[in-house]
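Structural overview
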Amino acid sequence: DPATCAARELFEETGFRPVSLEALAAIHTSPGSSSELVHLFWSTIGAGPEREPETGIEVVRRPFDGAVADARAGRVDDAKTARALLLADARMAAG
């Protein structure tokens, strides 16, 4: 189940547990050369982590609007992240 996996990975990698978790889309990262399907989720988290992040991961919290502005301006170089930010922003705007 992708949602269960996303919640588990969020906690394992960052130490944060999701308060809510909503599917945004499932995307193929390299159509034509790979069958990889990536599931994108939108999550809210609590005020603080329950444990330290996974070794090698630095958690950087920043305002959502700033991250969306960076995605719109082409400053987010990971396509999955940029798409997830734009989809989450559209979902929030729609109510």
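See above for the structure.
Attention here is on the structure that accompanies the text.

What counts, and where the lines are drawn
- Residue positions are given per chain, counting from 1 as you read along its sequence in written order.
- In view of the model being predicted, local features appear only for residues whose pLDDT reaches at least 70, and side-chain atom pairs are presented and counted only at 80 or more, with totals across whole chains, interfaces and linings using the full set of residues.
- Hydrogens and water are ignored here; the side-chain numbers use all heavy atoms of the structure.
- Side-chain rings of Phe, Tyr and Trp, where Trp is taken by its six-membered ring, are said to pair if the distance between their centres is within 6.5 Å; with planes under 30 degrees apart they count as stacked, over 60 as edge-to-face, and otherwise as tilted.
- Distance and angle both matter: a charge sits over a ring if NZ of Lys or CZ of Arg is within 6 Å of the ring centre and within 35 degrees of the ring normal.
- Only buried Ala, Val, Leu, Ile, Met, Phe, Trp, Tyr and Cys residues count toward a nonpolar core, and they belong to the same one when joined by side-chain atoms within 4.5 Å.
- Using a 1.4 Å probe on the protein chains alone, a residue whose accessible area is under 20% of its type maximum counts as buried, one over 50% counts as exposed, and one in between counts as partly exposed.
- Comment: elements are numbered from the N terminus, with helices defined as DSSP H or I runs of at least four residues and strands as E runs of at least two.
- Residues are treated as being in contact if the distance between any of their heavy atoms lies within 4.5 Å.

Some points on the packing of aromatic side chains
Evaluated as defined, the whole model comprises 1 aromatic pair. Of note, Arg17 hangs over the ring of Phe11, and the distance from its end group to the ring centre comes to 3.8 Å. Over the ring of Phe11 we find Arg51, and its NZ or CZ is 5.2 Å from the ring centre.

Topic: the nonpolar core
Core analysis: the biggest nonpolar cluster contains 6 residues, these being Leu24, Ile27, Val38, Leu40, Ala84 and Ala88. Those elements giving two or more residues to this core turn out to be strand S1 (18-28), strand S2 (37-45) and helix H3 (79-94). The contact partners of Leu24, leaving out residues within four places of it in the chain, are Leu40, Phe41, Trp42, Ala84, Leu87, Ala88 and Arg91. Membership of the second largest hydrophobic core comes to 5 residues, among which are Ala67, Ala71, Ala82 and Leu85.

Any link to function would need more than the numbers given here.
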